[in-house]
Amino acid sequence: MACSPRQLKEKLDASIDKWFDDPLTNKLTSGKGGEFKKMYRAVTGEDFDFGEMPTEKDITRLNRRIDKFQSRLKKKVPGKIAELFYLPEEFLKGNPIARKTFDQFVVNHNYYRGEKDKYNASLVKIAKSLSDISKEISVMNDMKAPSMKKARRELQRRYNEYTKLLEQSTTDPSKVKDAEDYYQDHLADLGKKEQYKVFEMADEILRNPELMEKAETKSKYSRFKPIVTEWQAIRPQLFKSLKNSLTRYISVLENQNTSKDYEGVINNLKKLNNQLEPGENYFPTTLLNMFPTMKAITDSIYETRDTGEVNMDELNTFVDTMVRNVLEKVPVSHHVKKPVSLPTDRRNKNVIGVLDTYVRDVTRFNYLVSTSSTLIDGVRRLRDLSNEEIADTTKVYIDYLHDTHATMLGYNIQSPLYRSLTRGITSWEFVSKLGLNLRSAMRNATQSLQNFVYFGGKGWYESEQYLKSTVMTDALNKEMERHGVFFEESRELAGAVGLFPETTKSMVNGEEVMTWKTDTTGERFLSGLEKVAQVTGKPMSWVENNVNRNLTFRIAFAQRHKQLNTNKGDIERFINEHKEYFTDTEYGKEISDKVENHITRESGRFAAEMVKELHYEYSPFAKPKVLRTGKGAVLGQFATYSINFFNYQRKIIKRGTSDMVNGDWSSPEAWRAYRLGMMSLAVEGLSVLANSDFSSLIQNDTLDRIKQYITLASGDDDEKRRAFFGKGPIIGTLGGPFIADLVTLGNVFGFYKLLLNFETGDNSLLGYLAGYDDYAGSRKDQKLYDVVRTFNTEIARQTMVIGPRMYDGAGFGEIAQMQLGIYPSKYYKNIKSKILKAVGAPTPKYAESKDTKKSPQIKQPDISQALMSVAKVAGRKRYNQNYNRNIMKTLDSLA
């Protein structure tokens, strides 16, 4: 029997009382009701203050959520295993303050990535315009157009070499003259060399755009207008965000300055912040000088926390020098102190390199400040908790958040050598396993089917129809850009480098200043390797961005936008909370634009959350703690997907089952569980129908892991070997691709013999678990194939498997099978035959029992009879010259 409105209100009031009458819940949620209202909206789809009355099922579901939420709050401190191996959102879910802090970390990271993408798009336009101008000038002068890419690289190399000599002058004064000589020989007269002339012209016009208007210079510089326009569009945005971040950074330092050690640093930065104003048509060379010093300040905070030893006098000197030089508009990193005065204009005229460095430094500094502010706010709120029930857990969560923040800034791997090894190994393995890998890209594309699981076929279709019926393409694209949902670089690589480059001390104008460390040979090698990983990862990143993430964002954005657009309660809430927007003089379109902007922002935020839910966050700070270290990054490379996929399915099944057990068979969570099961059954059914294993293409990683261990327990030797890709259960599960490649090379060079059972000569249990094996029964080119595969899996597959089969006449279907990894499966054939037999259908030929003929018995030779025959031969031909030869033949046959 349905409840009356009065009864519904009583039930809802009871739920509200359950939440707000619990002291611990109020303590951990600030008692303002924000968490409750968020949960209420998630369960009912309505705004708590302005929405419609929920149904009885909604209230019942809300009660279950409250009970579960409150039971988590009362759990004991999480164990060490949970701290190391759980995903951060799972580990922190027992404390809303800690969880909210981590969620804000993710938002900060997304904005950082979105800002980089936005400004990089402008830099690409500037670089293209510069290249076009260079070609135009070359044609006018009847010259061959220089390679802009090579010219930029060579110009930057020269400035790096000049800066390196300045760095060395810190400890060797004789290098001052070497730096001056190098500058005069390689940098002083760039404008006289055709390949560098365009850089000098661009530097002049960006600093003085009036050159495009003056009659005597207009013809020379007017072609630079697109470059000037693009730079002037992003220049005020960059400076504004820099000033805002500088203000917040001072606040961060003031919060950290409990012992007053940073008083001098803070006062100097306040002076910089108050007086720093951009001059007309400023170019950011001067501003670049502040960022190495900011990095040194942040380094000192982490050194203080870890070792307690920082030379504050030296740090104060660096900050004072930086502030003084920046405010005087003197680019300190391009001057040399000599007995005689030197030209003051020794700036880097590689304008693309300067702008790129400026964009990267500003966005990284903004990221540093935003994440640090988030950490300080979260830690402060945690320390304010005094409830005895949670006193033990507070320190655990604070330490965990500090570790997460350190990973975000690149302080999780302290040793430069260790960091370099981690970067090199993970980059190499990405190139080896995922670089150019079409099969992995196609597998990755099937992840978009999770949209069906989460939103349903109807929700998917309605979202697409809603987008077609509304003009919101620009708003959708801007929200995608703002939230940074796309991958610019190859995933699973970011983070091992550190947020900022390494700093070093340089002697400039007789003063020691902090500068970025010039690229070393090792750094250039690692950067090049990462670039190769990025380029060869294009198939994966294209699928991830254009198929998976784009599609999920579109569906989620449209669903949320439609819901808010038709939700009177949400619009009423927005108007009520922002009355300052709606004065008596603002009507019609102005009000509509503000409401539409609110709906768009809310929809974008929700869509970004759904992208993270369905396609996961691969940044190092979002991984389990054990994978954040250098060892973890190597041994657990590519494990992030498996962990996230397991957690994603676990949440769907747990929530759906909970609703079903409580009789709520038609809740959204229950339907997600149904669709997840339906999709898994559909893949299994397709595999049975086609006699092939389609799970290798449409992956359910969790089920695949379960199947592997079932095979380990019940399969034959060949099946066990295939289950773990020939690497054994330890290496195949926990070793990571680098260790697996070492095992492969060990096989190739015969190291498996070290793990043989020396008594029997057979493979030992340790050898099997580790994955070592003999090549005796393998194809003749297996060793070569395995070696090539350690360099790149796709190249090995194409050149040594698919290519030869195509040459021998394999058809399209067979080639497609090999490319996609969909092979005939004995397992699914057996299932199919059992199903057909059960329904009374004719038995397929492959399942028919074959008459087995007995193998002919080989008669064992009778040694005495053989010897007698030899004697007979000897008697007939007593002295025959073939006597000895016959005996030898007979003995050979016996052997």
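Residues numbered from 1 in each chain as written. Predicted model: local features only at pLDDT ≥ 70, side-chain atom pairs only at ≥ 80, totals over all residues. Heavy atoms only, no water.

Enquirer: Describe the overall build of the protein chain, and please don't skip the residues or the numbers.
Expert: Counting its regular elements, the protein chain contains 38 helices and 2 strands. Here the protein chain, with 895 residues, has 47% of them falling under the buried criterion. Put simply, of all contacts in the protein chain between residues at least 6 apart along the chain, 75% involve residues at least 24 apart. Looking at the protein chain as shown, the accessible area adds up to about 46700 Å², and 56% of this sits on carbon and sulfur atoms. (Helix = DSSP H or I, 4+ residues; strand = E, 2+ residues; numbered from the N terminus. Buried < 20%, exposed > 50% of the residue type's maximum accessible area, 1.4 Å probe, protein only. Contact = heavy atoms within 4.5 Å. Areas by Shrake-Rupley, 256 points an atom, 1.4 Å probe, with all protein chains shown as cover.)

Enquirer: Which residues make up the packing of helix α20 (residues 450–469) against helix α28 (residues 668–690), and what values go with them?
Expert: Where α20 meets α28, the closest approach of the two axes is 8 Å, and the angle between their N-to-C directions is 140°. As the angle between them shows, α20 and α28 are arranged oblique. In terms of crossing hand, the pair formed by α20 and α28 is right-handed. Packed against α20, whose contacting residues are Gln-450, Phe-452, Val-453, Tyr-454, Phe-455 and Gly-456, the element α28 presents Arg-672, Arg-675, Leu-676, Met-678 and Met-679 at the interface. When the residues that make up the contact of α20 with α28 are grouped by side-chain class, the tally is 7 nonpolar, 2 polar and 2 charged. (Axes fitted to C-alpha atoms, helices over the stretch in contact; angles between N-to-C directions. Parallel < 35°, antiparallel > 145°, perpendicular 65-115°, else oblique. Left-handed = near helix turned anticlockwise from the far one by under 90°. Nonpolar A, V, L, I, M, F, W, Y, C, P; charged D, E, K, R; others polar.)

Enquirer: If you had to explain the environment of Ser-469 to someone new, which residues and values would you point to?
Expert: Relative to the elements of secondary structure, Ser-469 occurs in helix α20. Of the polar contacts made by the side chain of Ser-469, one reaches the backbone oxygen of Tyr-466; its length is 2.9 Å. (Polar contact = N/O pair within 3.5 Å; in protein donor to acceptor, adjacent residues only side chain to side chain.)

Enquirer: With reference to specific residues and values, describe the environment of Met-610.
Expert: In this structure, Met-610 sits in helix α25 (residues 589–615). On the basis of relative accessible area, Met-610 is assigned to the buried category, the value being 8%. Expressed as a C-alpha distance, the spacing of Met-610 and Arg-549, which sit 61 residues apart in the sequence, is 9.3 Å. Setting aside anything within four residues of it in sequence, one finds Met-610 in contact with Tyr-454, Phe-455, Thr-552 and Ala-556.

Enquirer: Could you give an account of empty space enclosed by the protein, with specific residues and numbers?
Expert: Enumeration over the complete set of coordinates arrives at 7 cavities of 30 Å³ or more. Its volume calculated, the second largest cavity comes out at about 100 Å³. In terms of lining residues, the second largest cavity is bounded by Met-679, Ser-680, Val-683, Glu-684, Ser-695, Ile-698, Gln-699, Asn-700, Leu-703, Asp-704 and Lys-707. Secondary-structure elements contributing two or more residues to the lining of the second largest cavity are α28 and α29 (701–714). Of the residues belonging to the lining of the second largest cavity, the class tally is 4 nonpolar, 4 polar and 3 charged. (1 Å grid on protein atoms, 1.4 Å probe; cavity = no way out; pocket = protein on both sides within 12 Å on 5 of 7 lines; lining within 4 Å. Points joined across faces, edges and corners; volume = space filled by probe spheres on them.)

Enquirer: I'd love a proper account of the packing of aromatic side chains, names of residues and values included.
Expert: The tally for this structure, following the rule as stated, stands at 28 aromatic pairs. The rings of Trp-19, Phe-20, Phe-36, Tyr-40, Phe-48 and Phe-69 are connected pair by pair, giving a single aromatic cluster. Above the ring of Phe-606, the side-chain terminus of Arg-560 is found at 5.2 Å from the ring centroid. Over the aromatic face of Tyr-400 sits the side chain of Arg-628, whose NZ or CZ is 4.9 Å from the ring centroid. (Phe/Tyr/Trp six-rings, centres within 6.5 Å; stacked < 30°, edge-to-face > 60°. Lys NZ or Arg CZ within 6 Å of the ring centre and 35° of its normal.)

Enquirer: Break down a positive patch on the surface for me, with residues and values.
Expert: A surface patch of positive charge is lined by Lys-68, Lys-75, Lys-654 and Arg-655. With respect to the helices and strands, the residue Lys-654 is situated in helix α27 (residues 639–661). (Patch = residues over 30% accessible without salt bridge, like charges linked within 9 Å, V, L, I, M, F, W, Y side chains within 5 Å. Salt bridge = Lys/Arg side-chain N within 4 Å of Asp/Glu carboxyl O. Lys, Arg positive; Asp, Glu negative; His and termini not counted. Charge placed at Lys NZ, Arg CZ, Asp CG, Glu CD.)

Enquirer: Before we move on, could you go through the pattern of salt bridges and cite the residues and values that matter?
Expert: Inspection of the entire model under this criterion finds 39 salt bridges. Note that Asp-13 is salt-bridged to Lys-9, the shortest N-O span being 2.9 Å. Of the two residues, Asp-13 and Lys-9 are both situated in helix α1 (residues 5–20); the distance of 4 residues between them amounts to about one turn of the helix. We classify Lys-9 as partly exposed; its relative accessible area is 47%.

Enquirer: Talk me through helix α15 (residues 312–327); I want residue IDs and the actual numbers.
Expert: Side chains three or four residues apart in an α-helix point the same way, a direct result of the helix having 3.6 residues per turn. In this model α15 runs 22 Å from its N-terminal to its C-terminal C-alpha over 16 residues, within 8% of the 22 Å that 1.5 Å per residue would give. Residues of α15 that are buried: Met-312, Leu-315, Phe-318, Val-319, Thr-321, Met-322, Val-323, Asn-325, Val-326 and Leu-327. (Expected span 1.5 Å × (residues − 1).)

Enquirer: So what about unusual backbone geometry? Which residues, and what values?
Expert: Positive phi, normally seen in glycine, also occurs at Tyr-616, with a value near 70°. Here Tyr-616 shows up in the loop between α25 and α26 (630–635). We classify Tyr-616 as buried; its relative accessible area is 3%.

Enquirer: Kindly report on the packing of helix α3 (residues 34–44) against helix α4 (residues 56–73), identifying the contributing residues and their values.
Expert: Relative orientation and spacing of two packed helices are given, respectively, by the angle between their axes and the distance between those axes. Remark: α3 packs on α4, axes separated minimally by 10 Å, with the N-to-C direction vectors making an angle of 135°. Accordingly, the angle class assigned to the pair α3 and α4 is oblique. Crossing handedness for the pair α3 and α4: right-handed. On α4, the residues that touch Phe-36, Met-39, Tyr-40, Ala-42, Val-43 and Thr-44 of α3 are Asp-58, Arg-61, Leu-62, Arg-65, Ile-66 and Phe-69. Residues of the contact of α3 with α4, tallied by class, amount to 8 nonpolar, 1 polar and 3 charged.

Enquirer: So what's going on with the nonpolar core? Residues and values would help.
Expert: Membership of the largest hydrophobic core comes to 118 residues, with the highest contact counts inside it found for Phe-224, Leu-269, Leu-272, Met-294, Ile-297 and Tyr-358. Ranked by residues supplied to this core, first place goes to helix α16 (residues 351–383) with 14 residues. Dropping the residues within four chain positions of it, Leu-269 is found in contact with Tyr-249, Ile-250, Leu-253, Met-294, Ile-297, Val-319 and Met-322. Grouped together as the second largest cluster of nonpolar side chains are 32 residues, Leu-551, Ala-556, Ala-608 and Leu-614 included. (Core = buried A, V, L, I, M, F, W, Y, C linked by side-chain atoms within 4.5 Å.)

Enquirer: Break down the confidence of the model for the protein chain for me, citing the residues and quoting the values.
Expert: For the protein chain, the mean per-residue pLDDT works out to 79, and 78% of the residues sit at or above 70. When the criterion is pLDDT under 50, residues 876–881 qualifies, and its contacts beyond four places in sequence or with other chains add up to 0 contacts. (pLDDT = per-residue confidence, 0-100.)

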